[in-house]
Amino acid sequence: MLPRNPNLNLKRTLITFLDKCKSMLQLNQLHALVITFGLSQDDLFMSRIVSFSALSDSNNTDYSYRALLNLQDPTIFEWNSVIRGYSKSKNPNKSISVFVKMLQVGIYPDHLTYPFLAKATSRLLRKELGVSIHGHVIKSGFEIDRFVANSLIHMYGSCGDIVYARKVFDGAPVKNLVSWNSMVDGYAKCGYLDLARGLFDLMPERDVRSWSCLIDGYTKSGNYGDAMAVFEKMRTSGPKANEVTMVSVLCACAHLGALDKGRMMHQYLVDNGFELNLVLRTSLIDMYAKCGAVEEAFAVFRGVSLRKSDVLIWNAMIGGLATHGLVKESLDLYTEMQIAGIKPDEITFLCLLSACAHGGLVKQASYFFEGLGKNGMTPKTEHYACMVDVMARAGQVAEAYQFLCQMPVEPTASMLGALLSGCMNHGKLDLAELIGKKLIELDPEHDGRYVGLSNVYAIGRRWDEARIMREAMERRGVKKTPGYSFLEMSGAHHRFIAHDKSHPSSEQIYTMLSFIVSQMQFGVLKEGQEHCLYGIEGI
């Protein structure tokens, strides 16, 4: 029979094993020993068990919570461990439930409790819950705690209430770098890039997070050129970039179509000793694919061991192939993905449906659409939109319209737009007119909706209706957004709008353009003369 009071050496041995624990399986075995030796209420052991099961890489926070509830007198450290564990989990709501339970049993929160609750609220994007947490902070007297204040700034910024975030920031008696970073990040997340940049410029000191927050903000708001400009400044006068910075920068390169710049960023990663993990490789694949360098994207993809790959990197490659109309290659890669044992997700099926749209594969698209349900997933708006696009492109506009009418979700502008395009391409102008009118009702401030219906009338030579649509657009004050193109040359980006003469080299550009046009006209004339001569010789 095992002794009920193990000696000091045994306790030290158990503590050593707990400190070296690497997995939940090992923890379960050690926990069983702790119970067997009558130490299940000993805080020296239980705090380690609760902490490991809640916070380790192989965590099981439900196990941690059960262990905590079996304690006669759990400490605030153990409660905080469980709350923190749930705040990082797939279900942050449980952090709030545990907090409520803690209050019910008479345990008072400390300065560490609230930041974990604020993190859970940030992930849930529930501002009303955050306000309640803030109320508890004030009642408990922790509002002046810098750690708590910083977490509240981040929480309000994540939930989109930048006014309250700024109030907490301004009210903090002592601000540190985290305070400034949280506020810059909040402005950036809420789309106030000018305010974010202004605060960034006022910072007494900056670290890699400061720069990354601003770059990420510019990237997510679509200001890709500004993102690249800030990164270039960071390279010359700031700290060394980290993985987060480079993901944003590669995303900016992808959307700009800046292949040369993207290659330079790839080389920057290599030169600065970055580990090309899955996140960075996925970003590189996305960048190369969006810039049209499919072979380079494939080279990065093939550099990953199948055993270490995940669904995100497969999605990036399948989607990249689909975008460039490489339908067979995209579908073949999906087959390879299945053989590798990678389980598809909603994005995988979206990429496959996109490939089918490019290839006019209606039956194959229906098979993949049904595959969502077979894999335990519910089709989202984007999947329905893709199915409409597949059928519309293939000329099955009546079937697409019927599918759209039978959907369990309301049709979106993108779905109707895809159907409108299909109707126009296949001469179904009656249905196109119906869809065009519906689009204007749905999105009356969008210039493209009026232009689309006007074009329908123009194709049908209904010039009066086409003119009326243009006039209706003008009366409503809707301005047509001019289209533009990008050109990358020697690592620099140049933007052009039709008839634009604002470029510093516009005079030389238009001179060269005139020369090219004249040469083309001369070539056409010369070819016509040669045809005439051949005709004479054949007489």
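Located above this text is the structure these notes cover.
A brief structural summary. Computed from a predicted model, the values in this text were never measured in an experiment.

Reading the values: rules and limits
Residues numbered from 1 in each chain as written. Predicted model: local features only at pLDDT ≥ 70, side-chain atom pairs only at ≥ 80, totals over all residues. Heavy atoms only, no water. Helix = DSSP H or I, 4+ residues; strand = E, 2+ residues; numbered from the N terminus. Expected span 1.5 Å × (residues − 1). Buried < 20%, exposed > 50% of the residue type's maximum accessible area, 1.4 Å probe, protein only. Arc of directions from axis to C-beta. Contact = heavy atoms within 4.5 Å. Disulfide = S-S within 2.5 Å. Salt bridge = Lys/Arg side-chain N within 4 Å of Asp/Glu carboxyl O. 1 Å grid on protein atoms, 1.4 Å probe; cavity = no way out; pocket = protein on both sides within 12 Å on 5 of 7 lines; lining within 4 Å. Points joined across faces, edges and corners; volume = space filled by probe spheres on them. Nonpolar A, V, L, I, M, F, W, Y, C, P; charged D, E, K, R; others polar. Patch = residues over 30% accessible without salt bridge, like charges linked within 9 Å, V, L, I, M, F, W, Y side chains within 5 Å. Areas by Shrake-Rupley, 256 points an atom, 1.4 Å probe, with all protein chains shown as cover. Axes fitted to C-alpha atoms, helices over the stretch in contact; angles between N-to-C directions. Parallel < 35°, antiparallel > 145°, perpendicular 65-115°, else oblique. Phe/Tyr/Trp six-rings, centres within 6.5 Å; stacked < 30°, edge-to-face > 60°. Lys NZ or Arg CZ within 6 Å of the ring centre and 35° of its normal.

### Describing helix α28 (residues 463–475)
- Counted at 1.5 Å a residue, the expected span for α28 with its 13 residues is 18 Å, and the 18 Å between its end C-alpha atoms agrees.
- Taken together, the buried positions of α28 are A466, M469, A472 and M473. Buried residues of α28, seen end-on, are gathered within an arc of 120° and therefore sit on one face of the element. The outward face of α28, more than 90 degrees from its buried face, is lined by the exposed residues W463, D464, E474 and R475.
- Along its buried surface, α28 packs onto α26 (429–442) and α27 (447–459).

### A look at unusual backbone geometry
- The residue L125 is not glycine, and still its phi comes out positive at about 55°.
- Looking at the element boundaries, L125 is found in the loop between α7 (113–124) and α8 (127–140).
- Here the phi dihedral of R461 falls at roughly 60°; this positive angle occurs in a residue that is not glycine.
- For R461, the location among the structural elements is in the loop between α27 and α28.

### Some details on the state of the cysteines
- If you walk through the whole model with that rule in mind, you get 0 disulfides.
- Looking at the unpaired C351, the closest cysteine sulfur is the one in C386, lying at 8.9 Å.
- Looking at C423, it has no disulfide partner, and the nearest cysteine sulfur is the one in C405, 12 Å off.
- The class of C423 is buried, set by a relative accessible area of 0%.

### Comments concerning the pattern of salt bridges
- Here the structure, examined in full by the defined rule, presents 22 salt bridges.
- When the shortest N-O distance is used, the salt bridge between K127 and D161 registers 2.7 Å. Linking K127 in helix α8 with D161 in the loop between α9 (146–158) and α10 (162–171), this pair joins segments that are 34 residues apart in sequence.
- Where salt bridges share partners, they join D185, K189 and R209 into one cluster.

### With respect to the layout of surface pockets
- Computed from the structure, the largest pocket encloses a volume of approximately 360 Å³.
- In terms of lining residues, the largest pocket is bounded by 17 residues, among which P115, K119, F147, S151 and H154 are the most central.
- If you list the elements that add at least two residues to the lining of the largest pocket, you get α5 (76–87), α7, α9 and α11 (177–189).
- If one sorts the elements of the lining of the largest pocket by residue count, α7 sits on top with 6 residues.
- Along the lines of polarity and charge, the residues of the lining of the largest pocket split into 5 nonpolar, 7 polar and 5 charged.

### Some details on a nonpolar patch on the surface
- Together, M512, F515, I516 and M520 make up a nonpolar patch on the protein surface, roughly 430 Å² of accessible area in all.
- Mapped onto the elements of the fold, F515 is located in helix α29 (residues 506–537).
- Look at F515 and you get partly exposed, because its relative accessible area is 47%.

### Quick word on the packing of α27 against α28
- The interhelical angle for the contact between α27 and α28, taken along N-to-C directions, is 170°, at an axis separation of 7 Å. The orientation of α27 relative to α28 falls into the category roughly antiparallel. Each of D447, Y450, V451, L453, S454, N455, Y457 and A458 in α27 lies in contact with α28, whose residues at this interface are W463, E465, A466, M469, R470 and M473.
- Looking at the contact of α27 with α28, its residues break down into 9 nonpolar, 2 polar and 3 charged.

### What about the packing of aromatic side chains?
- A full pass over the atoms with the stated rule returns 16 aromatic pairs.
- Judged by centre distance (5.3 Å) and plane angle (85°), the rings of F169 and W180 are edge-to-face. Placement of the pair is F169 in helix α10 and W180 in helix α11, with a sequence separation of 11 residues. By the burial criterion, F169 is buried, and W180 matches it.
- The residue whose ring lies beneath K240 is F274, and the NZ or CZ to ring-centre distance is 5.6 Å.

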